Amino acid sequence: MTKVVAMADACRDAPQRQPVAQAQSNAVRVLTINTHKGLAPWNRRFMLGELRDAVRSSGADVVFLQEVSGEEQRASRGAGSVSGPHYEFLADQLWPQFAYGRNAVYPHGHHGNALLSRFPIVSERNHDISVNGPEPRGLLHCVLDVPQVGELHAICVHLGLREAHRQRQLLLLKALVEAQIAPDTPLVVAGDFNDWRGRADTILHGAGGLHSAFARAGVAQPRTFPARWPLLALDRIYVSNLRVQSACVLSALPWPHLSDHLPLLAELCP
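Below: a short report on this structure. This structure is a prediction, so every number in the text was calculated from the model and none was measured.

**Considering the layout of surface pockets**
Approximately 300 Å³ is the volume attributed to the largest pocket. Looking at the lining of the largest pocket residue by residue, the class counts come to 6 nonpolar, 7 polar and 5 charged.

The following block contains the structure:
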């Protein structure tokens, strides 16, 4: 418990300017963040370059991205706009492997979920879990080849805003895990669950033994939204067949200025 709390304090208080020291050799560091399509809170500035620097500083091995642009034909707001898919810009040379699952399509482009990885991505598939209505949603399911773990399944999640939609989507996620992933296989499920009522834990516990990384670490689920003044715990990291070495929310500057969500970071061991 002491170690976990100490890391949480470090995540909150330490400046995020230089790359964080890499996790222990047998640990995999995972980060999840809703990128808000590269826009700062209230859409005031385009912050993708600053976001890339901050994600680099986390030392993450695997990054789960939600609401990331795959194509944007109109000019981005403010200075510093980039051409091409935002997930490729974020990956740069640090995460040589990446996958993208398109969810929402509109006249000027599309956005969805993405996964960046230091490890080989053996397979990828995007599952449409949209419920009737104006909110296209998906689950990006990747299989990674991680030396210290072996086969690691990673599912990037962005669920709907309506409670009824989220309940249906959580059941679809549970069915996917039970049907396609062996019970003894290491698994990470992370993303923006929009689960402000805290219903996901109970539903997912029966899906391959998924548990909140924060519950496993012995700390409360942190609030992540809105980033400047977090009131709601919308984002999650769930794990199965992995030990949680540490887990925290990254709330120190510059994170509250980079998106409308704060990121979550966890170190996982086989």
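**Some details on the nonpolar core**
Ranked by internal contacts, the top residues of the largest apolar core, which has 57 residues, are Phe 64, Leu 65, Leu 115, Leu 144, Ile 237 and Trp 255. The dominant element in this core, judged by the number of residues it contributes, is strand β2 (residues 62-72), at 5 residues. Leave out the neighbours within four places in its chain, and Ile 237 touches Val 30, Thr 32, Val 188, Val 189, Ala 190, His 211, Ser 212, Ala 213, Leu 264, Leu 265 and Ala 266. Of all hydrophobic cores here, the second largest spans 19 residues; its members include Leu 139, Val 157, Val 177 and Val 189.

**Digging into the sheet that holds strand β5 (residues 121-128)**
Two pairing modes exist for strands in a sheet, parallel and antiparallel, and in both the strands are linked by backbone hydrogen bonds. Strand order across the open sheet formed by 6 strands is β5-β6-β7-β8-β10-β9, with mixed pairing between neighbours. On the outer flanks of this sheet lie β5 and β9 (211-212), each paired with one strand and no other. Where strand β6 (residues 138-146) meets strand β7 (residues 150-158), 8 bridges bridge the pair, whose relative direction is antiparallel. Note that in β7 the partner of Leu 139 across the bridge is Val 157. Packing of helix α4 (residues 163-180) onto the sheet brings it into contact with β5, β6, β7 and β8 (187-192), and relative to β7 it is tilted by some 165 degrees.

**Re the packing of aromatic side chains**
Applying the stated criterion to the full structure yields 3 aromatic pairs. Arranged with centres 4.7 Å apart and planes meeting at 10 degrees, the rings of Tyr 87 and Tyr 100 form a pair that is stacked. Residue Tyr 87 is found in helix α3 (residues 86-91), and its partner Tyr 100 is found in strand β3 (residues 97-106); the two are separated by 13 residues along the sequence. By relative accessible area, which is 11% here, Tyr 87 ends up buried.

**Considering α4**
Taking 1.5 Å of rise per residue, the 18 residues of α4 would be expected to cover 26 Å, and the 26 Å separating its terminal C-alpha atoms lies within 8% of that figure. Taken together, the buried positions of α4 are Glu 163, His 165, Arg 166, Gln 169, Leu 170, Leu 173, Leu 176 and Val 177. Along the long axis of α4, the arc covered by the buried residues comes to 145 degrees, so they all point the same way. Seen from the buried face of α4, the exposed residues on the opposite side, beyond 90 degrees, are Ala 164 and Ala 179.

Rules of the game
Residues numbered from 1 in each chain as written. Predicted model: local features only at pLDDT ≥ 70, side-chain atom pairs only at ≥ 80, totals over all residues. Heavy atoms only, no water. 1 Å grid on protein atoms, 1.4 Å probe; cavity = no way out; pocket = protein on both sides within 12 Å on 5 of 7 lines; lining within 4 Å. Points joined across faces, edges and corners; volume = space filled by probe spheres on them. Nonpolar A, V, L, I, M, F, W, Y, C, P; charged D, E, K, R; others polar. Core = buried A, V, L, I, M, F, W, Y, C linked by side-chain atoms within 4.5 Å. Buried < 20%, exposed > 50% of the residue type's maximum accessible area, 1.4 Å probe, protein only. Helix = DSSP H or I, 4+ residues; strand = E, 2+ residues; numbered from the N terminus. Contact = heavy atoms within 4.5 Å. Pairing = 2+ DSSP bridges. Axes fitted to C-alpha atoms, helices over the stretch in contact; angles between N-to-C directions. Phe/Tyr/Trp six-rings, centres within 6.5 Å; stacked < 30°, edge-to-face > 60°. Expected span 1.5 Å × (residues − 1). Arc of directions from axis to C-beta.

Everything listed here is a matter of geometry and, on its own, says nothing about what the molecule does.
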